Amino acid sequence: MTRTLVERRASDLRLLGAAGYALALQIGHPTVAAGVRDHSNFTVDPWGRFFGTVDFVNLLVYGSPEQTAAATRNLRAMHARIRGTDAHGQKYSALEPHAYAWVHATLAEALVRGHRIFGSPFTRDEKEQFWREWLELGHLLGVRDGDLPPTWSELQVYVQHTIEHVLEYNELVDVVQNTASHATGGSPLRWLPPRAWAMAGVPLGRYVAFLGRGTMGRELRAKYRIAWGPRQQRTFAAIAAAHRASSPVLPPVLRHVGPTILRARRREVLAGPFAA
């Protein structure tokens, strides 16, 4: 069966290093920050929140039509309940078109940037194709035509503008960074006791948080008041180079780990908020 470009490139295991970048792009948005502050259990169960996002993306990209339809329907229903007042005293809703579309855009931006830093960089044509396919997935989520730019090159202008003029430092930036660096909480698999998972989860959380800070780049780190010196940059560059060097020998199962995770977490997915 022929895979789409998104299916081929969306779940390379090395993209874990860009997960923190996607989150950083999201929590700087005032609406998203308010929704996380008021309605998320991220600080209590960061790994549960992380794997919930992984489950949704895997269902969206690799699920059956029935699973995808249920996941997107349930996501909209969940977001419809997320509303309140943001840090500026403005009423917000998670279905606010700009914020809702922004979150979808951040995932594509992080995937492509993650491949450039850690994996196999996209060509210019592949970026455009990837973005067209990602927009089609966005339509399933209710992202309307016009909510996001139609081309990858225009998306880069949109992302830069949002970083400069919409994203802002807020208390959640520090909370998320601290939580990610000391991530505990539940196990991603029912058969794996939380205490056993913590042995791997805590150091893994610190590692992923570090890679996320490196991936977000100088401008976003400055906006978020994140300290980053030459030593951290050298370590990050060495790790990124090692990840890229693994491309010729990386097993296919690790290049396309999404379907494997979806099968491994079948029980969790069926009991989760995105199930049919």
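**Q** I'm lost on the overall build of the protein in this one. Help?
**A** Tallying secondary structure elements over the protein gives 15 helices and two strands in all. For 276 residues, the compact-globule estimate of 2.2 N^0.38 gives 19 Å, and the protein sits close to it at 18 Å. Over its C-alpha atoms, taken along the principal directions, the protein stretches across nearly 50 × 45 × 45 Å. The buried share among the 276 residues of the protein stands at 50%. In the protein, 33 positive and 23 negative side-chain charges are present, and the distance between their average locations comes to 8 Å.

**Q** Please clarify how the side chain of arginine 265 should be interpreted in this entry.
**A** Topologically, arginine 265 is positioned in the loop between helix 14 (258–264) and helix 15 (266–271). For arginine 265, a relative accessible area of 9% translates into the label buried. Excluding residues that lie within four positions of it along the chain, arginine 265 makes contacts with Phe51, Asp55, Pro188 and Leu189.

**Q** I keep staring at the environment of glutamine 233 and nothing clicks. Help me out?
**A** For glutamine 233, the location among the structural elements is in helix 12 (residues 230–245). The partly exposed category is assigned to glutamine 233, whose relative accessible area is 34%. Once the C-alpha coordinates of glutamine 233 and glycine 214 are considered, the two residues, 19 residues apart in sequence, prove to be 7.1 Å apart. When sequence neighbours within four positions are dropped, the list of residues in contact with glutamine 233 reads Arg221 and Trp228.

**Q** What is the right way to look at the nonpolar core in this model?
**A** Considering soluble globular proteins, one finds that nonpolar side chains tend to be buried as a cluster. Core analysis: the largest hydrophobic core is formed by 51 residues, its most contacted members being Phe130, Trp131, Trp134, Leu148, Leu220 and Tyr224. Top element by residues in this core is helix 6 (residues 97–118). It accounts for eight residues. In contact with tryptophan 131, other than residues within four places in its own chain, are Ala105, Ala108, Leu148, Pro149, Pro150, Thr151, Trp152 and Leu155. Within the second largest apolar cluster, eight residues are counted, among which are Ile117, Phe118, Phe210 and Trp228.

**Q** Could you clarify how one ought to interpret the packing of helix 4 (residues 46–62) against helix 7 (residues 124–141) in this entry?
**A** Geometry of a packed helix pair, given as the angle between the helix axes and the separation of the axes. For the pair helix 4 and helix 7, the least separation of the axes is 11 Å and the interaxial angle reads 110 degrees. Taken together, the axes of helix 4 and helix 7 lie roughly perpendicular to each other. Contact residues: Phe56, Leu60 and Val61 in helix 4; Trp134, Leu137 and Leu141 in helix 7. Along the lines of polarity and charge, the residues of the contact of helix 4 with helix 7 split into six nonpolar, no polar and no charged.

**Q** What is the right way to look at the environment of glycine 142 in this model?
**A** Relative to the helices and strands, glycine 142 resides in the loop between helix 7 and helix 8 (152–165). Separated by 50 residues in the primary sequence, glycine 142 and tyrosine 92 have C-alpha atoms spaced 18 Å apart. Among all residues touching glycine 142, those that are not within four sequence positions of it are Arg76 and Tyr100.

**Q** Sorry if this is basic, but what is going on with unusual backbone geometry here?
**A** In most cases, non-glycine residues show a negative phi, while peptide bonds are predominantly trans. A positive phi angle, near 60 degrees, is found at arginine 225, a position not held by glycine. With respect to the helices and strands, the residue arginine 225 is situated in the loop between helix 11 (217–223) and helix 12.

**Q** Quick question: what am I supposed to make of the pattern of salt bridges here?
**A** Under the counting rule described, the total for this entry stands at five salt bridges. With a closest N to O distance of 2.8 Å, arginine 14 and aspartate 12 form a salt bridge. Grouping residues by exposure puts arginine 14 and aspartate 12 together as buried. Where aspartate 147 meets arginine 144, a salt bridge forms, and the shortest distance between an N and an O atom there is 2.9 Å. The class of aspartate 147 is buried, set by a relative accessible area of 16%.

**Q** Got a minute to help me understand helix 6 in this structure?
**A** Residues spaced three or four apart along an α-helix face the same direction, because each turn holds 3.6 residues. Its 22 residues give helix 6 an end-to-end C-alpha distance of 31 Å, which sits within 8% of 32 Å, the value for a rise of 1.5 Å per residue. With respect to burial, helix 6 is a largely interior element, 17 of its 22 residues being buried.

Reading the values: rules and limits
- Residues numbered from 1 in each chain as written.
- Predicted model: local features only at pLDDT ≥ 70, side-chain atom pairs only at ≥ 80, totals over all residues.
- Heavy atoms only, no water.
- Helix = DSSP H or I, 4+ residues; strand = E, 2+ residues; numbered from the N terminus.
- Rg over C-alpha atoms; globule rule 2.2 N^0.38 Å.
- Buried < 20%, exposed > 50% of the residue type's maximum accessible area, 1.4 Å probe, protein only.
- Lys, Arg positive; Asp, Glu negative; His and termini not counted.
- Charge placed at Lys NZ, Arg CZ, Asp CG, Glu CD.
- Contact = heavy atoms within 4.5 Å.
- Core = buried A, V, L, I, M, F, W, Y, C linked by side-chain atoms within 4.5 Å.
- Axes fitted to C-alpha atoms, helices over the stretch in contact; angles between N-to-C directions.
- Parallel < 35°, antiparallel > 145°, perpendicular 65-115°, else oblique.
- Nonpolar A, V, L, I, M, F, W, Y, C, P; charged D, E, K, R; others polar.
- Salt bridge = Lys/Arg side-chain N within 4 Å of Asp/Glu carboxyl O.
- Expected span 1.5 Å × (residues − 1).

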